[in-house]
Amino acid sequence: MPETRTLLLLPGDGIGPEVMAEVRRVIDWLARRRNLEFDLSEGLVGGAAIDAHGTPLADATMVEALAADAVLLGAVGGPKWDDLPFAIKPERGLLRLRKEMALFANLRPAMVFPALIGASTLRPEVVSGLDILIVRELTGGVYFGEPKGIETLPDGSRRGVNTQVYTTEEIRRVARVAFELAGRRRGHVCSVDKANVMESGVLWREEVQRLHDEVFPDVTLTHMYADNCAMQLVRHPSQFDVIVTDNLFGDMLSDEAAMLTGSLGMLPSASLGAADASGRRRALYEPVHGSAPDIAGKGLANPLAMLLSFAMCLRYSFALAAEAELLEAAVASVLDGGLRTADIMENGKARVSTRVMGEAVTAALGKLA
Ligand code: NAD
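In this text, all values refer to a predicted model and were calculated from it rather than measured experimentally.

### Things to note about the sheet that holds strand β4 (residues 105-111)
Part 1 of the reasoning: The mixed open sheet is built from 10 strands, whose spatial order is β2-β1-β3-β12-β11-β4-β5-β10-β8-β9. This sheet does not close on itself; its edge strands, each paired only once, are β2 (39-42) and β9 (220-225). Adjacent strand axes in the sheet meet at a mean angle of 20°, parallel and antiparallel pairs treated alike.
Part 2 of the reasoning: With four bridges joining them, strand β8 (residues 188-193) and strand β10 (residues 242-245) adopt parallel strand pairing. Following the sheet pairing, Ser191 is matched in β10 by Val244.
Part 3 of the reasoning: Each of β1 (6-12), β2 and β3 (70-75) is contacted by helix α1 (residues 16-34), which is oriented at about 150° to β1, the strand it contacts most.
Part 4 of the reasoning: Packing of helix α6 (residues 168-183) onto the sheet brings it into contact with β4, β5 (131-137), β8, β9, β10, β11 (268-275) and β12 (281-287), and relative to β5 it is tilted by some 165°.

Right, here's the structure in full:
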């Protein structure tokens, strides 16, 4: 019996639908040429859902997302919806998905394609061969901890409070994801905290070490303070394989690592939830970039971040590692061949539209397969 793979596509706003169209091209290719069927459905999120249903994510779409093997999201937001109240802004649709799907592990790879090495602000020899995966805890820590708020003190001055808080279970479940992924990569996890000055960091370090010793002794584990990690990422980034860290440090370190690779249009991401009894994890895949209203509808968007997000989906949600590698190799070969969208354009290269880039990747799949 053919396996069913349910995939919900949420193109969203701005360039979201344009880059998602290129994923559909790859999905068609996989169905025709590799006999891989996906049970596809498409829904609205963000501004598009507000226009249609008055809410950034309809309940029916949420139900579909919870039932799907994986959700692929383009981007949300744009000036049309900027003045709406916070509770019904486009971004709330994305936040609802992350919350109700309980996506606690955010995966951000930072890979440098040889053809784009010149796009990094660092010297080529520093970023050459770079392949880091940052696993960021996404639902706990200082962004959610209580108490939080701003209060007025008796003398009229004000006090702002946020609380950094982690439990054993929150630390162990994200560390487990990092160890499992490292086991499929180069086998090294660097856990990042501020155990020198924060009790929550002491707990983080102890729990990660304990899980390692109990369950993952074959993975190499090192610990690093977050400030040192920020420096090491620009000094000698290729020392890292998988970095696991909390919500706050992960927010910053993943953006720093992303910039080692050059362009926003090249950066994929995945967010994973807990595994159920069958090992299936709820998962949302999306490019790091936003809806880019400044270039929407002009055929200028780089679809590669979206396509690389789909490669992560093939790898992590559907255990199609060979197809994921094929898609990544197709992207690399198109870049080697000199095709560039406007955001990664260099002298001497051929500037192409979103659609032509997507067609070229699909053609490369055919050649490499
Ligand atoms: P953005 O990522 O949309 O754009 C930043 C700059 O990068 C723009 O100049 C844009 O043209 C360019 N860019 C982004 N993606 C590109 C691509 N694939 N190809 C070529 N160029 C690309 O960020 P912004 O301008 O700060 O935000 C625009 C809207 O997107 C806002 O409404 C914001 O709230 C929303 N946003 C959504 C998400 C998301 O859906 N996850 C993330 C960030 C921002």
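Back to the text.
### What about the nonpolar core?
Part 1 of the reasoning: Ranked by size, the top nonpolar core spans 71 residues in total, and within it Phe38, Leu107, Val135 and Phe310 carry the most contacts.
Part 2 of the reasoning: If one sorts the elements of this core by residue count, helix α10 (residues 304-316) sits on top with nine residues.
Part 3 of the reasoning: The residues that make up this core include at least three from each of domain 1 (1-107 + 261-369) and domain 2 (131-256).
Part 4 of the reasoning: Every residue in contact with Leu107, bar those within four places of it in the chain, is listed here: Leu133, Ile134, Val135, Val177, Leu181, Pro268, Ser269, Ala270, Leu272, Met312 and Tyr316.
Part 5 of the reasoning: Counting 18 residues, the second largest nonpolar core, distinct from the first, contains Val112, Leu130, Leu233 and Ala257.

### Describing α10
Part 1 of the reasoning: Taking 1.5 Å of rise per residue, 13 residues should cover 18 Å, and α10 covers 18 Å from first to last C-alpha, within 8% of that figure.
Part 2 of the reasoning: With 12 of 13 residues buried, α10 lies mostly within the body of the structure.

### Concerning the packing of helix α8 (residues 226-235) against helix α9 (residues 247-260)
Part 1 of the reasoning: Two elements in contact, α8 and α9, have axes separated by 10 Å at closest approach and are oriented at 5°. Considering their axes alone, α8 and α9 lie roughly parallel with respect to each other. Every residue of α9 that contacts α8 at Ala226, Cys229, Ala230, Leu233 and Val234 is listed here: Phe249, Leu253, Glu256, Ala257 and Leu260.
Part 2 of the reasoning: Of the residues belonging to the contact of α8 with α9, the class tally is nine nonpolar, no polar and one charged.

### A word on the side chain of Glu207
Part 1 of the reasoning: Here Glu207 is to be found in helix α7 (residues 199-215).
Part 2 of the reasoning: Note on Glu207: relative accessible area 6%, which makes it buried.
Part 3 of the reasoning: Beyond its immediate chain neighbours, meaning those up to four positions away, Glu207 contacts Thr168, Ile171 and Arg172.

### Here we look at the side chain of Lys194
Part 1 of the reasoning: Position of Lys194 among the secondary structure elements: in the loop between β8 and α7.
Part 2 of the reasoning: What makes Lys194 buried here is its relative accessible area of 16%.

### Regarding helix α12 (residues 354-368)
Part 1 of the reasoning: With 15 residues, α12 should cover 21 Å at 1.5 Å per step; its first-to-last C-alpha distance of 21 Å lies within 8% of that length.
Part 2 of the reasoning: When α12 is considered as a whole, its buried residues turn out to be Thr354, Met357, Gly358, Ala360, Val361, Thr362, Ala364 and Leu365.

### Here we look at the site of the ligand
Part 1 of the reasoning: In the vicinity of the ligand, 20 residues are found, and the nearest of them are Glu91, Gly290, Ala292, Asp294 and Asn302.
Part 2 of the reasoning: Within the backbone of Gly78, a nitrogen or oxygen atom sits 3.1 Å from an oxygen atom of the ligand.
Part 3 of the reasoning: One nitrogen or oxygen atom from the side chain of His289 is found 3.3 Å from a nitrogen atom belonging to the ligand.
Part 4 of the reasoning: Taken by itself the ligand offers 800 Å² of open surface, and the protein chains cover 67% of this.
Part 5 of the reasoning: In terms of residue class, the shell around the ligand is made up of nine nonpolar, seven polar and four charged.

### What about the pattern of salt bridges?
Part 1 of the reasoning: Within the structure shown, the criterion is met by 26 salt bridges.
Part 2 of the reasoning: Among the charged side chains, a network of salt bridges with common partners joins Glu22, Arg25, Arg355 and Glu359.

### Observations concerning the domain arrangement of the protein
Part 1 of the reasoning: Segmenting the protein into domains produces domain 1 (1-107 + 261-369) and domain 2 (131-256).
Part 2 of the reasoning: Contact with domain 1, which involves 11 residues of that partner, is made by 13 residues of domain 2.
Part 3 of the reasoning: Counting each side, the surface lost to burial between domain 1 and domain 2 is near 1000 Å², with a carbon and sulfur contribution of 65%.
Part 4 of the reasoning: Counting the surface domain 1 buries against domain 2, the share from its top three residues, Phe104, Asn106 and Leu107, is 54%.
Part 5 of the reasoning: At the junction of domain 1 with domain 2, the criterion picks out one salt bridge.
Part 6 of the reasoning: In this structure, Glu180 engages Arg281 in a salt bridge whose closest nitrogen and oxygen atoms are separated by 3.3 Å.
Part 7 of the reasoning: Mapped onto the side of domain 1 that touches domain 2, the elements with two or more residues apiece are β4, β11 and α10.
Part 8 of the reasoning: Sorting elements by how many residues they give to the side of domain 1 that touches domain 2 places β4 first, with three residues.

### Brief notes about the environment of Phe249
Part 1 of the reasoning: Its location among the elements puts Phe249 in helix α9.
Part 2 of the reasoning: Classification of Phe249 as buried rests on a relative accessible area of 13%.
Part 3 of the reasoning: Placed 19 residues apart in sequence, Phe249 and Ala230 show a C-alpha to C-alpha distance of 9.2 Å.
Part 4 of the reasoning: If sequence neighbours within four positions are ignored, Phe249 has contacts with Asp193, Lys194, Met198 and Ala226.

So, how was this worked out
Residues numbered from 1 in each chain as written. Predicted model: local features only at pLDDT ≥ 70, side-chain atom pairs only at ≥ 80, totals over all residues. Heavy atoms only, no water. Pairing = 2+ DSSP bridges. Helix = DSSP H or I, 4+ residues; strand = E, 2+ residues; numbered from the N terminus. Axes fitted to C-alpha atoms, helices over the stretch in contact; angles between N-to-C directions. Contact = heavy atoms within 4.5 Å. Core = buried A, V, L, I, M, F, W, Y, C linked by side-chain atoms within 4.5 Å. Buried < 20%, exposed > 50% of the residue type's maximum accessible area, 1.4 Å probe, protein only. Domains from an automatic or database assignment. Expected span 1.5 Å × (residues − 1). Parallel < 35°, antiparallel > 145°, perpendicular 65-115°, else oblique. Nonpolar A, V, L, I, M, F, W, Y, C, P; charged D, E, K, R; others polar. Near = heavy atom within 4 Å. Polar contact = N/O pair within 3.5 Å; in protein donor to acceptor, adjacent residues only side chain to side chain. Areas by Shrake-Rupley, 256 points an atom, 1.4 Å probe, with all protein chains shown as cover. Salt bridge = Lys/Arg side-chain N within 4 Å of Asp/Glu carboxyl O. Buried area = accessible area lost by both parts, 1.4 Å probe.

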